[in-house]
Amino acid sequence: MEAIGLIAEPQTIDFLAEKARTCDPARTLLFVPPGCGVYGPLRRFRTVKVPSGAVDRRTAVRALLQAFPNADRLTLISRRETRSMPQAVAQQLLSDRSDQSDRPGRSASVPQPDPRRYQILVKSFRRFGCLRRLVESIVSLYPEARILVADDSLGCKEDVIPRDGRWVKDHPNVTWYQLPFDVGLAAGRNYLVQKATAPILINCDDDFVFMRETRLDRMIDVLDSAPDVGLVSGLVRQGREVQNYAGRFVWSEGSGGRRRLRVRLNGQVPLRTPAGTRYVPTDLGLNFFAARRDVLLRARWDEAFKVSWEHMDHFLTLHQLGIQLVYTPDVVVDHRPEKPAHYVAYRARRQEYAGYFFNKWNLDGPPAHGLHRERWYPRDKDGEQRLSSAGRPQTTRAKVKPPNVVVCGIGHSGTSIVTRMIAELGWHLGPADHFAELPAVRAINDRLIRSPRHPVPQERMRELLQSLPEPWVIKDPRFVHTIDRWIGVMQPYRPCLLWITRDLDEVAASYRRRGEGGPGAEVRSRGKTLTELWAMCASAWEAWPWSRVRISYEQLTAAVGLFRTDRRPGTDGWVAEVSAIPKAA
């Protein structure tokens, strides 16, 4: 008998729902963290609540053995991996206390620094969806991390914290501070530093996402190994590339008796800690950094800056105080900016603070900062960064702008799974829900379907697309009905249309399994039969004026079936292994 454990995650629930269709409820447990909804085929499984927000392998194995003591084999299924083991191996895993990463409450993904030594600070404003995504990513990797959140989004007594914000506020790892409306980024960060108690503070923006390369232990390793270093910043991933924002300040004479500031990339070969973490001295780094609390108490943010310029101003202050700064290319955080309309109105105030910044530092203009164009690929095959004589990273990668993507297909065709896969490759989903759909896009499409003769809300559609960071991916089964009315608005972006097809009998069966499709023998969606919907997809495909790709759901699942996910980890990590390639029919 095989016992199966399904490990749910809020952002991958659709993937798990598809995976769970072949599982027997009589021998399956579903592990559900806080904030993760269970629907459709997942409702038939016995659930185990996970209060900590993350499931480690040891806890899941223990629960499976208690529920199914006669099982001769245990299998754990999550988005990251599928791991199968005999019961003897599972018993050995529980008895082996030397495996620190698998102890209850700890994540097996990354090494866990002592949670008493650090706290994570997040200043947030009107981006509750981003904030929830950040907290989910933190607790999935660092289940014991303590997170301090300062929010100044509420402008009047009638304002309420939306659902995503309430989820963060109620999370056991989070301490929430509600500040007066629009006190600003600088004031909020100073407040968090005052409230923090740990000796090391990790500063984050609310649109960051932690991933396996976000190794807090390496930042702390640098601070422990170099006592004279007060702050260590990491790198940021933008889409598919990792960018280096660090550099040295170079001063020169400017016009009108003022100074001119330029930031140059430091081409120094990285130093190493005894544990092997690389770090490079710098004057400027990211707003993603680990710093000693006493350093941040000395070098406070200037609260005259509510937004914009506070980043450069703070690092200039650190430099002026003589605090040694470094960055490490071994720690990378993912940056997924989102700019909803109610946020952009307050974010776009850069010019209001430019004059104050120039006068404070006696500058004749903005600093010359070309580092946004530099690309730093953390490791080559030799494990070291290759530097040219000019000190810049050498790379032969072509800079190709990835296209925006519109995913179209009949409901229950696998569009959610494919959209999530595209997002994992670096495309931006925006504030999407668990169906990988933007509620704003869904609302517009519902309006167009209900009132086909009413004018198209083009201005609202344009604002929505402008608020999404590129490259974006948008998915909604309602595009089958409305895609022709979006073409004019999408002209500046010229996105690629991705049509996901699936056998209509399988689609109908999927509708019936979820109790959808209406009464009668023939399944319908929004008044149309599946055959009519398929014909509408074909018409949209023919009318699409730009690039287009069609993928069969059956071919996609067959391709996934080529790979084994039960391979044991080796020196190259968890790598899928091709087990068989079926012959073409």
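Rules used throughout
- Residues numbered from 1 in each chain as written.
- Predicted model: local features only at pLDDT ≥ 70, side-chain atom pairs only at ≥ 80, totals over all residues.
- Heavy atoms only, no water.
- Helix = DSSP H or I, 4+ residues; strand = E, 2+ residues; numbered from the N terminus.
- Contact = heavy atoms within 4.5 Å.
- Areas by Shrake-Rupley, 256 points an atom, 1.4 Å probe, with all protein chains shown as cover.
- Buried < 20%, exposed > 50% of the residue type's maximum accessible area, 1.4 Å probe, protein only.
- Pairing = 2+ DSSP bridges.
- Phe/Tyr/Trp six-rings, centres within 6.5 Å; stacked < 30°, edge-to-face > 60°.
- Patch = residues over 30% accessible without salt bridge, like charges linked within 9 Å, V, L, I, M, F, W, Y side chains within 5 Å.
- Salt bridge = Lys/Arg side-chain N within 4 Å of Asp/Glu carboxyl O.
- Lys, Arg positive; Asp, Glu negative; His and termini not counted.
- Charge placed at Lys NZ, Arg CZ, Asp CG, Glu CD.
- Expected span 1.5 Å × (residues − 1).
- Arc of directions from axis to C-beta.
- Core = buried A, V, L, I, M, F, W, Y, C linked by side-chain atoms within 4.5 Å.
- Axes fitted to C-alpha atoms, helices over the stretch in contact; angles between N-to-C directions.
- Parallel < 35°, antiparallel > 145°, perpendicular 65-115°, else oblique.
- Left-handed = near helix turned anticlockwise from the far one by under 90°.

Asker: Just checking my understanding: could you explain the overall build of the chain for this structure?
Answerer: Across its full length, the chain holds 18 helices and 27 strands. Here the contacts in the chain between residues at least 6 apart in sequence split such that 74% fall between residues at least 24 apart. Of the roughly 27,300 Å² of accessible surface on the chain, 51% is carried by carbon and sulfur atoms.

Asker: What is the right way to read the pairing of strand β17 (residues 289–292) from this model?
Answerer: Every regular strand shows the same layout, with side chains that alternate between the two sheet faces. The alternating pattern of β17 places Phe289 and Ala291 and Ala290 and Arg292 on opposite faces, both of which are buried. Bridging between strand β11 (residues 229–238) and β17 involves three bridges; their strand directions are antiparallel. In the strand pairing of β17, Val232 is matched with Ala290.

Asker: I would appreciate a short explanation of the packing of aromatic side chains in the present structure.
Answerer: Both the distance between ring centres and the angle between the ring planes are used here to describe each pair of aromatic rings. Enumeration over the complete set of coordinates arrives at 17 aromatic pairs. Between Phe125 and Phe181, the ring centres sit 6.1 Å apart and the planes meet at 45°, which makes this aromatic pair tilted. Here Phe125 is found in the loop between β6 (118–124) and α4 (128–141), whereas its partner Phe181 is found in the loop between β8 (174–178) and α6 (185–195), with 56 residues between them in sequence. Under the relative-accessibility criterion, Phe125 is labelled buried at 11%. By relative accessible area, Phe181 is classed as partly exposed at 28%. Seen in terms of ring centroids, Phe210 and Phe288 are 6.1 Å apart; in terms of plane orientation they differ by 75°. Their pairing is edge-to-face. Separated by 78 residues along the polypeptide, Phe210 in the loop between β10 (208–209) and α7 (216–225) and Phe288 in the loop between β16 (278–282) and β17 bring together distant segments of the chain. With relative accessibility at 4%, the residue Phe210 sits in the buried group.

Asker: Explain a negative patch on the surface here, please?
Answerer: A contiguous patch of negative charge on the surface is contributed by Asp503, Asp505, Glu506 and Glu554. Checked against the element boundaries, Glu554 lands in helix α18 (residues 553–560). Given the relative accessible area of 32%, Glu554 is considered partly exposed.

Asker: Mind showing me how you'd approach the environment of Cys537 here?
Answerer: On the secondary structure map, Cys537 appears in helix α17 (residues 530–543). Residues Cys537 and Ile500 lie 37 residues apart in sequence; the distance between their C-alpha atoms is 9.6 Å. Every residue in contact with Cys537, bar those within four places of it in the chain, is listed here: Cys408, Gly409, Ile410, Val480 and Trp499.

Asker: Explanation requested: α17 in the structure shown.
Answerer: It helps to recall that an α-helix has 3.6 residues per turn; residues three or four apart then point in one direction. Compared with the 20 Å implied by 1.5 Å per residue over 14 residues, the 20 Å span of α17 between its first and last C-alpha is a close match. All of the buried residues in α17 are Leu530, Leu533, Cys537, Ala540 and Trp541. Take α17 and look down its axis: the buried residues cluster within an arc of 105°, on one side only. Exposed residues on α17 whose side chains face more than 90 degrees from its buried face are Thr531 and Glu542.

Asker: What should I look at first to understand the nonpolar core in this one?
Answerer: Burial of nonpolar side chains together is a common tendency in soluble globular proteins. If you look at the biggest cluster of nonpolar residues, it comprises 42 residues, and the most contacted ones within it are Tyr118, Ile120, Ile147, Ile202, Cys204, Phe210 and Phe288. Looking at which element gives the most residues to this core, the answer is α4, with seven residues. Setting aside anything within four residues of it in sequence, one finds Ile120 in contact with Ile138, Ala145, Arg146, Ile147, Leu148, Ile202, Cys204, Phe210 and Leu216. Ranked by size, the runner-up nonpolar core spans 37 residues in total, among them Val193, Leu231, Leu261 and Trp301.

Asker: What is the right way to read the packing of helix α16 (residues 504–513) against α17 from this model?
Answerer: The description of two packed helices rests on the angle between their axes and on the distance between the axes. Close contact between α16 and α17 brings their axes to 11 Å; oriented N to C, the two are set at 120°. One way to sum up the angle between α16 and α17 is to call them oblique. Seen along the crossing, α16 lies across α17 with a hand that is right-handed. Residue-level inspection shows Leu504, Val507, Ala508 and Tyr511 of α16 in contact with α17, the latter providing Leu530, Thr531 and Trp534.

Asker: It is not clear to me how the environment of Arg212 should be interpreted in this structure. Could you clarify?
Answerer: Relative to the helices and strands, Arg212 resides in the loop between β10 and α7. As for Arg212 and Val331, which are separated by 119 residues in sequence, their C-alpha atoms are 9.2 Å apart.

Asker: Just to check I follow, could you spell out the environment of Leu42 for this structure?
Answerer: Following the sequence through the fold, Leu42 ends up in the loop between β2 (28–32) and β3 (46–49). For Leu42, a relative accessible area of 0% puts it in the buried group. Along the sequence, Leu42 and Pro25 sit 17 residues apart, while their C-alpha atoms lie 9.3 Å from each other.

Asker: Even after reading the chapter, I still don't get the sheet that holds strand β1 (residues 2–7), so can you show me in this structure?
Answerer: Sheet strands associate in pairs through backbone hydrogen bonding, adopting either a parallel or an antiparallel arrangement. Read from one edge of the open sheet, five strands run β3-β2-β1-β4-β5, paired in mixed fashion. The two strands at the open ends of the sheet, each matched to only one other strand, are β3 and β5 (82–86). Sheet twist, expressed as the average angle between the axes of neighbouring strands with direction ignored, equals 20°. Helix α2 (residues 57–67) contacts β1, β2, β3, β4 (73–77) and β5 of the sheet and is inclined by roughly 135° relative to β4.

Asker: What am I meant to see in the sheet that holds strand β21 (residues 473–475) here?
Answerer: Taking strand neighbours across the sheet as the criterion, the four strands line up as β21-β20-β22-β25 in an open arrangement whose pairing is parallel. What marks the edges here is a single partner per strand, and that holds for β21 and β25 (548–552). Going across the sheet, the axis of each strand differs from the next one's by a mean of 20°, ignoring polarity.

Asker: How should I be thinking about unusual backbone geometry in this particular structure?
Answerer: Trans peptide bonds make up most of the peptide bonds, and negative phi angles are found at most residues other than glycine. A cis amide bond, omega -5°, links Glu470 with the succeeding residue Pro471. We note that Asp182 has phi near 55°; this positive angle belongs to a residue other than glycine. Relative to the elements of secondary structure, Asp182 occurs in the loop between β8 and α6. Taking the relative accessible area as the measure of exposure, Asp182 reaches 9% and is therefore buried. Located in the positive-phi region is Ala436, a residue other than glycine, with phi close to 65°. Along the chain, Ala436 falls in the loop between α12 (415–424) and α13 (439–450). Owing to a relative accessible area of 2%, Ala436 belongs among the buried residues under this scheme.

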